[in-house]
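# Summary of structural features
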Amino acid sequence: MPRLVVVSNRLADPRKTAAGGLAVALADVLNNTGGLWFGWSGKIVEASAGGKAGEGELHSTQAGAVKLVTLDLSREDHDAYYVGYSNGVLWPVCHYRLDLADFDAGYIAGYRRVNQLFARKLKPMLREDDIIWIHDYHLIPLAAELRALGCSQRIGFFLHIPLPPPLILAAIPGHDWLIRALFAYDLVGFQSEADHSHFCSYVQTEAHAQNLGEGRWRAFNRTVQAGAFPIGIDVEEFTALAEAPEGREMYERMRREYSRRKLLVGVDRLDYSKGLPHRMRAFREMLQKYPETHNSATLIQIASPSREDVSAYNDILHELESLCGSINGNFGELDWMPVRYMHRTVARTRLPGLYRASRVALVTPLRDGMNLVAKEFLAAQDPQDPGVLVLSRFAGAAEQLREALLVNPYDIEGTANAIHLALQMPIEERRSRHQSLISTIKEYDVHWWCDGFLDTLAKAKAEETGTPWLRL
Ligand code: ADQ
């Protein structure tokens, strides 16, 4: 079996529970093939006097059969590649937020520089028959840079965030270069059919690519295969976490604490794509419209700190704090606070207990590649007395989870009504919705995703008919 090489901006130690679903899923294949996982160390090195920093000092550790190799970045590279182009341009535009993008002309060169650095450092570690799997928007041009150095291995790419329609994508400085770079891969995977269809319309209209059928496209002297591979969770692992002592203890504590009230839960990174202020307004609207919910429902919102070096994140933090404060100020009683808001990360081992104790989950992003919280909430439920998922139609997960209560998060009143409906939903309906949803997430779990992508990659060998790579 060829060795699997995974490349992503950050990596996780697959032996640790805290690493989460993706690391757990990749750990199996990485372990079985004695694989290599390569990425940024998270460390920023300041330029030393006279010396050139950021030439990527390598750190290597062995995690079982898996080799983890990371590199450091210079301050300048980090600011342009990570804060600038990746999180200041690609993240907002791919989440349809042109208004929040920071189109600084200098960023793209830093993004390219770091991708070249990754390629230069990775190449000497590669074997001829390796299968390489590159993840996410930070590393779109990495295959092109590897090809430019003479690498002919099979290379796949998976985009974890949405791909917007061509006219939005075209707002990205260098969008044509980015899409052209995707043709350096043998296989490109998206989260949803919607994202895949945006790729198809872009390459047809902007790149005049030839449609070869079965997801294959020819352009820039290369062929590439593209498709939707919706990511799942490790349902068994998550259910086991719910049954483990910490999961149970958390569940029992929450049940005791909220025995007189129904619990609603929201768990997100604090990011403007997650629709947190819209969610709070919908919850406030529900309290206003349905006074019988006063005293009987509490929303726990956990928002983990995220990318605090990007200014748009500070704005969302203040807006959220002020909304939670005003809801509690206006509706709270001496013995009841409608919202409990926490700006922190909850340990992965405790999440299942919290989910299981909640009657309703609010997963209402304005735009999301997939959203794994939705799937984790479903996996943690008691099938005999399951909670209800209120899910944004703009999350990639909505393509699969049709039996959730689907909402348009921009429609505050509509979402408020859906939350109320979820709180009132009779047990038979909760059970039957949950039954369909759980069978979907079990069938399309993270192992299905991982195997499906790698099997397709093993078969998808691009034809090269010339030199495709352009300079930026
Ligand atoms: P994220 O935007 O980070 O990921 P999401 O899929 O919702 O979003 O969450 C990823 C993981 O983080 C989940 O396992 C979740 O439990 C955990 N998490 C989130 N908030 C947390 C908190 N406050 N405390 C503790 N844990 C928390 C990107 C894309 C998504 C896509 C994933 C995977 O933006 O659309 O689903 O990658 O492809």
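Let me begin by describing the structure that accompanies this report. Just so it is clear, the model here is predicted, and its values are computed rather than measured.

## What to know about the sheet that holds strand S2 (residues 36–45)
Sheet architecture is open: 10 strands sit in the order S3-S4-S2-S1-S5-S6-S7-S10-S9-S8, paired in mixed fashion. Only two strands of the sheet have a single partner each, and these edge strands are strand S3 (58–63) and strand S8 (210–213). Strand-to-strand, the axes of this sheet are offset by a mean angle of 25 degrees, without reference to chain direction. Two strands pair when backbone bridges link them, and S8 and strand S9 (residues 216–219) are joined in this way by 3 bridges, in the antiparallel orientation. Pairing of Gly213 across the sheet is with Arg216, part of S9.

## A word on the packing of helix H6 (residues 175–182) against helix H7 (residues 193–205)
Packing of H6 against H7 brings their axes to within 11 Å, and their N-to-C directions diverge by 110 degrees. Classified by the interaxial angle, the pair formed by H6 and H7 is roughly perpendicular. Here His175, Asp176, Ile179 and Leu182 of H6 lie close against H7, whose contacting residues are Phe199, Tyr202 and Val203. Class assignment of the residues belonging to the contact of H6 with H7 gives a composition of 5 nonpolar, 1 polar and 1 charged.

## Quick look at the site of the ligand
Every one of the 22 residues lining the ligand counts as a neighbour, but His160, Arg269, Asp368, Met370 and Glu376 are closest to it. The contact in question runs from an oxygen atom of the ligand to an N or O atom on the backbone of Leu372, over 2.9 Å. The fraction of the free accessible surface of the ligand (710 Å²) that becomes covered by protein chains is 84%. Of all the elements in the fold, those that place two or more residues in the shell around the ligand are strand S11 (262–269), strand S12 (297–304) and helix H13 (372–380). Broken down by class, the residue content of the shell around the ligand amounts to 9 nonpolar, 6 polar and 7 charged. There are two domains that each give the shell around the ligand at least three residues, and those are domain 1 (4–232 + 448–459) and domain 2 (235–442).

## A short note on the pairing of strand S14 (residues 360–363)
For a regular strand, side chains alternate in direction, first toward one face of the sheet and then toward the other. Residues of S14 alternate between two faces, with Val360 and Leu362 on one and Ala361 and Val363 on the opposite face, all of them buried. Two elements, S11 and S14, share 2 bridges in a ladder whose sense is parallel. Opposite Leu264, over in S14, you have Val360 as the bridge partner. Of the pairings in the sheet, the one linking S14 to strand S15 (residues 388–392) comprises 4 bridges and is parallel in character. Following the sheet pairing, Leu362 is matched in S15 by Val390. The parallel pair S14 and S15 is bridged by H13, and the resulting crossover is right-handed.

## A word on the packing of aromatic side chains
Following the criterion strictly, the structure yields 21 aromatic pairs and no others. Ring centres 6.2 Å apart and planes at 25 degrees place the aromatic pair Tyr81 and Tyr111 in the stacked group. Of the two residues, Tyr81 is situated in helix H2 (residues 75–94) and Tyr111 in helix H3 (residues 107–122); the sequence distance between them amounts to 30 residues. Judged by its relative accessible area of 0%, Tyr81 is buried. Relative to Phe453, the ring of Trp133 lies with its centre 4.4 Å away and its plane at 5 degrees, an arrangement referred to as stacked. Within this pair, whereas Trp133 is found in strand S5 (residues 131–135), its partner Phe453 is found in helix H16 (residues 446–459), the two being separated by 320 residues in sequence. Considered together, Trp133 and Phe453 belong to a single accessibility category, that of buried residues. Among the aromatic side chains, those forming a connected cluster through ring pairs are Phe38, Tyr81, Tyr85, Tyr111, Phe118 and Trp177. Over the aromatic face of Trp40 sits the side chain of Arg10, whose NZ or CZ is 5.4 Å from the ring centroid. When the ring centre of Tyr96 is taken as origin, the NZ or CZ atom of Arg367, which lies over that ring, is 3.7 Å away.

What counts and how
Residues numbered from 1 in each chain as written. Predicted model: local features only at pLDDT ≥ 70, side-chain atom pairs only at ≥ 80, totals over all residues. Heavy atoms only, no water. Pairing = 2+ DSSP bridges. Helix = DSSP H or I, 4+ residues; strand = E, 2+ residues; numbered from the N terminus. Axes fitted to C-alpha atoms, helices over the stretch in contact; angles between N-to-C directions. Parallel < 35°, antiparallel > 145°, perpendicular 65-115°, else oblique. Contact = heavy atoms within 4.5 Å. Nonpolar A, V, L, I, M, F, W, Y, C, P; charged D, E, K, R; others polar. Near = heavy atom within 4 Å. Polar contact = N/O pair within 3.5 Å; in protein donor to acceptor, adjacent residues only side chain to side chain. Areas by Shrake-Rupley, 256 points an atom, 1.4 Å probe, with all protein chains shown as cover. Domains from an automatic or database assignment. Buried < 20%, exposed > 50% of the residue type's maximum accessible area, 1.4 Å probe, protein only. Right-handed = clockwise from strand over helix to strand, strands pointing away. Phe/Tyr/Trp six-rings, centres within 6.5 Å; stacked < 30°, edge-to-face > 60°. Lys NZ or Arg CZ within 6 Å of the ring centre and 35° of its normal.

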